[in-house]
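# Structure at a glance
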Amino acid sequence: MAVVKANESDVKMLARLIRAEAEGDGKLGMLMVGNVGINRTRVRCLDFENINTIPEMVYQSPGGFEATQKGYFYQRARQTDINLARKVIQGKRYHPASYSLWFFAPSGNCPSQWFGEPLAGRYKSHCFYTPSEGSCPGVYSTY
């Protein structure tokens, strides 16, 4: 069962996003980026209170994804990437991004905090950050 509503266009949009943001980190890295996107769509806290759909999440401004500003994001979704997007839409979680709302790829070590929230862990080039329960309790009970 899907944890967010998604039509075929939404699935392909998420597939393009995860490829554009994390293709260099392989399938697992792409799945983790997908977790962040789905978490942002499901929670009602912080900068994500009014994000209810995959397109709203992908194009959120400010605070959205850098990939949407680059041509690579606008290429056709590949079936492999579509399959990955479907997994996170179905609620599959991948640590350390299971409950994360942010990620970025630093040139060095991961800072211990990002926007005041703690580091959940690193996978290849990306650091993932999970909100404290006090700042966004809903992320821990979304599904």
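For the structure itself, consult the block above.
A brief report on the enclosed structure follows. What you see is a predicted model; the values in this text were computed from it and never measured.

### Notes on the nonpolar core
In this structure, L14, L17, I54, M57 and L101 are the most contacted members of the largest nonpolar core, which totals 43 residues. Mapped onto this core, the elements with two or more residues apiece are α1 (8-22), α2 (26-42), α3 (54-58), α4 (79-89), β1 (102-104) and β4 (126-129). Looking at this core element by element, the count peaks at seven residues for α1. Sequence-distant contacts of L17, that is, excluding residues within four places in its chain, are made with M57, V58, F65, A67 and F73.

### Details of α1
Taking 1.5 Å per residue as the helical rise, α1 with its 15 residues ought to reach 21 Å, and the 21 Å between its terminal C-alpha atoms agrees with that figure. The buried fraction of α1 amounts to eleven of the 15 residues, a majority that puts the element mostly inside the structure. Burial in α1 covers these residues: D10, V11, M13, L14, A15, R16, L17, I18, R19, E21 and A22. Elements that come into contact with the buried residues of α1 comprise α2, α3, α4, β1 and β4.

Conventions we followed
Residues numbered from 1 in each chain as written. Predicted model: local features only at pLDDT ≥ 70, side-chain atom pairs only at ≥ 80, totals over all residues. Heavy atoms only, no water. Core = buried A, V, L, I, M, F, W, Y, C linked by side-chain atoms within 4.5 Å. Buried < 20%, exposed > 50% of the residue type's maximum accessible area, 1.4 Å probe, protein only. Helix = DSSP H or I, 4+ residues; strand = E, 2+ residues; numbered from the N terminus. Contact = heavy atoms within 4.5 Å. Expected span 1.5 Å × (residues − 1).

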